[in-house]
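Tertiary structure, described
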Amino acid sequence: MAEIVTNIADELLASMQQAVDIMDGQMAPGRVWSPPAFVQVSEIRRRMNLSQRAFAERYGFSAAAVRDWEQGRRTPEKAARTLLMLIDREPEAVERVLGA
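A brief report on the enclosed structure follows. (Residues numbered from 1 in each chain as written. Predicted model: local features only at pLDDT ≥ 70, side-chain atom pairs only at ≥ 80, totals over all residues. Heavy atoms only, no water.)

**With respect to the layout of surface pockets**
Over the atoms rolls a probe the size of a water molecule, and in doing so it shows where empty space is left. By volume, the largest pocket amounts to about 170 Å³. Taken together, Ala37, Phe38, Val39, Gln40, Val41, Ser42, Trp69, Glu70, Gly72, Arg74, Thr75 and Pro76 make up the full set of residues lining the largest pocket. Only α2 (41-47) and α4 (63-70) provide two or more residues apiece to the lining of the largest pocket. Among the residues forming the lining of the largest pocket, the class breakdown is six nonpolar, four polar and two charged. (1 Å grid on protein atoms, 1.4 Å probe; cavity = no way out; pocket = protein on both sides within 12 Å on 5 of 7 lines; lining within 4 Å. Points joined across faces, edges and corners; volume = space filled by probe spheres on them. Helix = DSSP H or I, 4+ residues; strand = E, 2+ residues; numbered from the N terminus. Nonpolar A, V, L, I, M, F, W, Y, C, P; charged D, E, K, R; others polar.)

Right, dumping it as C-alpha cells:
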C-alpha cells in the first residue's frame, strides 16, 4: 500500500488498512522490540555503588519496587526494563537526560 497521504483522515485510513494487512498476514509489521524478560537489577545497582533507596530516587523508581524486583517478588514492566537496560549500558546518557 504505497499511496500518497494527503490529509489526516487519509493517513488514519491508511494506518488502519496497514493494521488489517498485518493481522491478515499480508504485510510484515514494522520493527518490533521488547526488552529481555529478566534484568539483574541488583547487579546494575551494585555496580553503581548505590543503595536501593538511592538507586530508586536517582532513577524515579519506588524503593519498594526496587526491593521487590531484587527479591523476585515482582518483575519490572517493559518500560522499567528498558530504562534499567539503558542505566546498565549507557549510565552517562541517562544521567544527562535526567539532569542528575
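**A look at unusual backbone geometry**
The backbone phi angle of Asn49 is positive, close to 60 degrees, even though this residue is not glycine. Structurally, the position occupied by Asn49 is in the loop between α2 and α3 (52-59). We classify Asn49 as exposed; its relative accessible area is 70%. (Buried < 20%, exposed > 50% of the residue type's maximum accessible area, 1.4 Å probe, protein only.)

**With respect to the environment of Asp88**
With respect to the helices, strands and loops of the structure, Asp88 is situated in helix α5 (residues 78-89). Residues Asp88 and Ser42, 46 residues apart in the sequence, show an inter-C-alpha distance of 11 Å. Ignoring anything within four residues of it in the chain, the contact list for Asp88 reads Ile44 and Arg47. (Contact = heavy atoms within 4.5 Å.)

**Regarding the pattern of salt bridges**
Taken as a whole and assessed by the stated rule, the structure comprises four salt bridges. Ionic pairing is found between Asp88 and Arg47, a salt bridge with its closest N-O pair at 2.2 Å. Remark: Arg47 occurs in helix α2 and Asp88 occurs in helix α5; sequence separation between them is 41 residues. For Asp88, a relative accessible area of 32% puts it in the partly exposed group. (Salt bridge = Lys/Arg side-chain N within 4 Å of Asp/Glu carboxyl O.)

**Topic: the side chain of Asp68**
Topologically, Asp68 is positioned in helix α4. By relative accessible area, which is 13% here, Asp68 ends up buried. Side-chain polar atoms of Asp68 contact the side chain of Arg73, separated by 2.6 Å. With residues up to four places along the chain from it excluded, the contact list for Asp68 reads Arg73 and Arg74. (Polar contact = N/O pair within 3.5 Å; in protein donor to acceptor, adjacent residues only side chain to side chain.)

**A closer look at α4**
By the burial criterion, the buried members of α4 are Ala65, Val66, Asp68 and Trp69. Down the axis of α4, the buried set is contained in an arc of 165 degrees. They therefore lie on one face. For α4, the elements touching its buried residues are α2, α3 and α5. Looking one or two residues beyond α4, the residue adopting positive phi is Gly72, at roughly 75 degrees. (Arc of directions from axis to C-beta.)

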